[in-house]
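What the coordinates show
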Amino acid sequence: MPAFICITCGTQFAASQNEPERCPVCEDERQFVPPSGQSWTTHEALARRHCNCFRQHEPGLIGIGTVPAFAIGQRALLLRTDRGNVLWDCISLVDEATVALVQGLGGLAGIAISHPHYYASMVEWAHAFDAPIHLHAGDRRWVMRPDAAIKFWDGDTLPLARGVTLIRCGGHFAGGTVLHWAQGGDGRGALLCGDVVQVIPDRKFVSFMRSYPNLIPLSAPAVERIGELLEPYAFDVIHGAWFDRSITRGGKAIVSRSIARYVAAIRGDGSAELN
Ligand SMILES: [Zn+2]
Ligand SMILES: [Zn+2]
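Overview of the structure. Worth saying up front: this structure is predicted, and the values here are computed from it rather than measured.

**Some details on empty space enclosed by the protein**
Evaluation of the coordinates by the stated rule reveals 1 cavity of 30 Å³ or more. Taken as a whole, the largest cavity spans an internal volume of roughly 40 Å³. Around the largest cavity, the lining residues are T11, Q12, Y119, A120, S121, M122, V123, M144 and R145. In terms of residue class, the lining of the largest cavity is built from 5 nonpolar, 3 polar and 1 charged.

In structure tokens form, the structure reads like this:
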């Protein structure tokens with residue numbers, strides 16, 4: 001039986017004879033069902049029309065994306081640590097070339113994912129590399145393909161390796177997580193943040209939303225809490241969810257001033273919009 005993949009959001013579902021009737025991830029208020037309706041593919045069909053591409057963001061950090069772009073279009077990050085490689089976030093395709101290349105780099109010690117929009121084909125990846133998947137328990141109900149490889153964690157932080165820490169920021173999703181890499185950014189620290197902290201196109205700010213496509217903002221307290229949770233961590237570099245969304249300098253100050261700008265906008269009295 002095939003494990004169908006939603007073409008809109010890229011989520012793979014548990015194996016079934018027929019296509020799933022609906023995709024709860026797309027039907028959630030944070031995503032959408034396109035006007036043409038829900039449609040499905042399989043990993044096998046996806047591999048016939050797409051392949052993966054690779055780009056090194058900095059030493060020890062390689063982005064893996066699918067071309068032509070598929071579903072939401074995010075890219076995963078292969079982070080190399082002294083306790084083995086961690087795959088940060090996930091994509092829907094893990095083709096034979098990707099398996100061969102990643103195995104050549106030492107395989108995967110674990111997979112960690114920021115939030116359900118990037119769960120993608122995580123179980124396919126876990127099986128290919130015999131690796132556990134670390135998901136925050138706050139998002140347990142969004143797992144569409146349950147598997148023994150999935151390990152749920154609780155609380156605000158989970159150390160994965162020396163200098164590699166998962167931080168549950170919440171916000172976009174209850175279990176929304178970022179990864180702090182102390183050795184990243186040439187030792188200045190790096191934050192891998194999916195779209196829990198969103199690097200925006202000008203790369204001078206980040207922002208925060210409950211839903212990006214449907215334009216639903218987060219509350220001021222939720223965004224302030226993200227700032228408090230990140231406060232103990234030093235980072236200068238921020239790697240967002242796409243190949244071109246990386247901030248190479250001043251990341252910590254950018255997060256601070258972005259939170260201040262966001263909170264001023266959402267708590268404002270309307271006078272700012274008159275300028
Ligand atoms: Zn979907
Ligand atoms: Zn998202």
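This is not the end of the story, as more comes after the structure.
**Examining the sheet that holds strand β8 (residues 133-136)**
Where strands meet in a sheet, backbone hydrogen bonds hold them as pairs that are either parallel or antiparallel. Pairing is mixed across the open sheet formed by 7 strands, whose spatial order is β3-β4-β5-β6-β7-β8-β9. The sheet is open, and its two edges are formed by β3 (51-58) and β9 (150-153), each paired on a single side. Sheet twist, expressed as the average angle between the axes of neighbouring strands with direction ignored, equals 25 degrees. Running at roughly 35 degrees to β3, helix α3 (residues 96-104) makes contact with β3, β4 (61-67) and β5 (76-81) of the sheet. Packed onto the sheet, helix α4 (residues 122-129) meets β3, β4, β6 (84-88), β7 (110-112), β8 and β9 and runs at close to 150 degrees relative to β8.

**Overview of unusual backbone geometry**
Backbone torsion omega between V67 and P68 reads -15 degrees, so that peptide bond is classified as cis. Tracing the chain through its elements places P68 in the loop between β4 and β5. One non-glycine residue, D130, adopts positive backbone phi at about 50 degrees. By secondary structure assignment, the location of D130 is in the loop between α4 and β8. The exposed category is assigned to D130, whose relative accessible area is 71%.

Cut-offs applied
Once a new chain begins, its residue numbering starts again from 1 and follows that chain's sequence as written. Written order decides the labels, with chains lettered from A and ligands numbered from 1. Given that this is a predicted model, residues contribute local features only at a pLDDT of at least 70 and side-chain atom pairs are listed and counted only at 80 or more, while totals for whole chains, interfaces and linings are drawn from all residues. As a convention, hydrogens and water are excluded, and side-chain values are obtained from all of the structure's heavy atoms. With a 1 Å grid spanning the protein atoms alone, the term cavity applies to any set of points in which a 1.4 Å probe fits but cannot get out, the term pocket to an open set with protein on both sides within 12 Å along at least five of seven lines, and the term lining residue to any residue with an atom within 4 Å of a point. Grid points are joined across faces, edges and corners, and a volume is the space filled by probe spheres set on the points. Residues were grouped as follows: Ala, Val, Leu, Ile, Met, Phe, Trp, Tyr, Cys and Pro as nonpolar; Asp, Glu, Lys and Arg as charged; and all remaining residues, including Gly, as polar. Pairing between strands is defined by DSSP: at least two bridges between the two strands are required. By definition, any uninterrupted DSSP run of H or I lasting at least four residues is a helix, any uninterrupted run of E lasting at least two residues is a strand, and each is numbered from the N terminus. Helix axes use the C-alpha atoms of the stretch in contact, all axes being lines fitted to C-alpha atoms, and the angles between their N-to-C directions lie in the range 0 to 180 degrees. Residues are treated as being in contact if the distance between any of their heavy atoms lies within 4.5 Å. For each residue, the accessible area found with a 1.4 Å probe, counting protein chains only, is set against the maximum for its type, and the residue is called buried under 20%, exposed over 50%, and partly exposed in between.

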